[in-house]
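Structure at a glance
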Amino acid sequence: MQQAENGRWADAQISEVVDEPYYLPVGDEVEIFEAAYAQKLPVMLKGPTGVGKTRFLRYMAHRLNRPLVTVACHDDLTASDLLGRYLIKGDETIWIDGPLTHAVRIGAICYLDEIVEARKDTTVVIHPLTDDRRRLRLEKTGELLVAPPEFLLVISYNPGYQSLMKNLKPSTRQRFVALDFDFPPDELERRIVTHESGIDDSTSQRLVQLGNLIRNLSDSGLDEPASTRLLVYAGLLISSGVSAHRACELAIAAPITDDATVQAAVLDLVSTVFPA
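As a starting point, this report considers the structure included with it. (Residues numbered from 1 in each chain as written. Predicted model: local features only at pLDDT ≥ 70, side-chain atom pairs only at ≥ 80, totals over all residues. Heavy atoms only, no water.)

1. Overview of the overall build of the protein
Within the protein, the secondary structure is distributed over 11 helices and 10 strands. Against the compact-globule benchmark of 19 Å for 276 residues, the protein has a radius of gyration of 21 Å, which places it among compact chains. In terms of principal-axis extent, the alpha carbons of the protein reach across some 65 × 40 × 35 Å. Summarising the internal contacts of the protein: among those between residues at least 6 apart in sequence, 72% fall at separations of at least 24. Per element, the accessible surface of the protein, about 13,600 Å² overall, is 49% carbon and sulfur. (Helix = DSSP H or I, 4+ residues; strand = E, 2+ residues; numbered from the N terminus. Rg over C-alpha atoms; globule rule 2.2 N^0.38 Å. Contact = heavy atoms within 4.5 Å. Areas by Shrake-Rupley, 256 points an atom, 1.4 Å probe, with all protein chains shown as cover.)

2. So, helix α1 (residues 29-38)
If you check which residues of α1 are buried, you get E29, V30, F33, A36 and Y37. Buried positions in α1, seen along its axis, are confined to an arc of 130° and lie on one side of it. Where α1 is buried, its residues contact β2 (43-46), α2 (53-64), β9 (152-157) and β10 (177-180). (Buried < 20%, exposed > 50% of the residue type's maximum accessible area, 1.4 Å probe, protein only. Arc of directions from axis to C-beta.)

3. Overview of the sheet that holds β2
Overall, mixed pairing links the 6 strands, which are arranged β1-β3-β6-β9-β2-β10 in an open sheet. What marks the edges here is a single partner per strand, and that holds for β1 (12-15) and β10. The average undirected angle you get between the axes of adjacent strands in this sheet is 20°. Bridge count for strand β3 (residues 68-72) against strand β6 (residues 109-113) is 5 bridges, and the pairing is parallel. Paired with L68 across the bridge in β6 is I109. Running over the sheet, α2 touches β2, β3, β6, β9 and β10 and is turned about 175° from β6. (Pairing = 2+ DSSP bridges. Axes fitted to C-alpha atoms, helices over the stretch in contact; angles between N-to-C directions.)

Don't take any of this as a statement about function, it's just geometry.
Next comes the structure, spelled out in structure tokens:
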């Protein structure tokens, strides 16, 4: 994971959230996050995919005026990818900070998205940053970094999707303040879909209705319900001139399942809400 000239790594990026992201609070998550930040408490965002966890964090980074370093965790992500490594450049060997090290140095918010997808040694690395030590040791350089007050570690994961082989250990979970995210109430979800896609309120309301109907199929073999993100995607297709029925087929029914029986059930619901 090499740092590029524009401040990006292969699996991470650093950004200044200049423009305020559109986010509608559902409860007291904004106040709780601000309290955790003030007390230097690491935060865990829990919830299904596509319900606004990343959008919320971008909103909070803007609100707190902090740079945001986002790492997309995956099976091949190692501790060295997060911390940094020596690289050969010309005739010399230089140390390149990884995204976590860089975030600690500049006092950024570091977001490890879907932390359980990373290799096990990754969680061991972050433990010293999640207690009162707030330290990061770089074994390869012998450096010990103490996180500045502005630094905050945030992780996210989808507890309903993870298998027994991929879950957070209690020793890791209990180091974080946990914020639970779920699908927003109908009225807020309608407003989100309308704002993000540009379609009219009536169509947004019907998309939300469809989303709720599909979410009730969770006991029928549907692993992941229709997220707010997918409703927005359908709305964007509709705003581009695609028929509502076809947009829902492409943006909702096809992505959420490959099971023919379950997909047929989803398409039946699509036809109920948006007749072909």
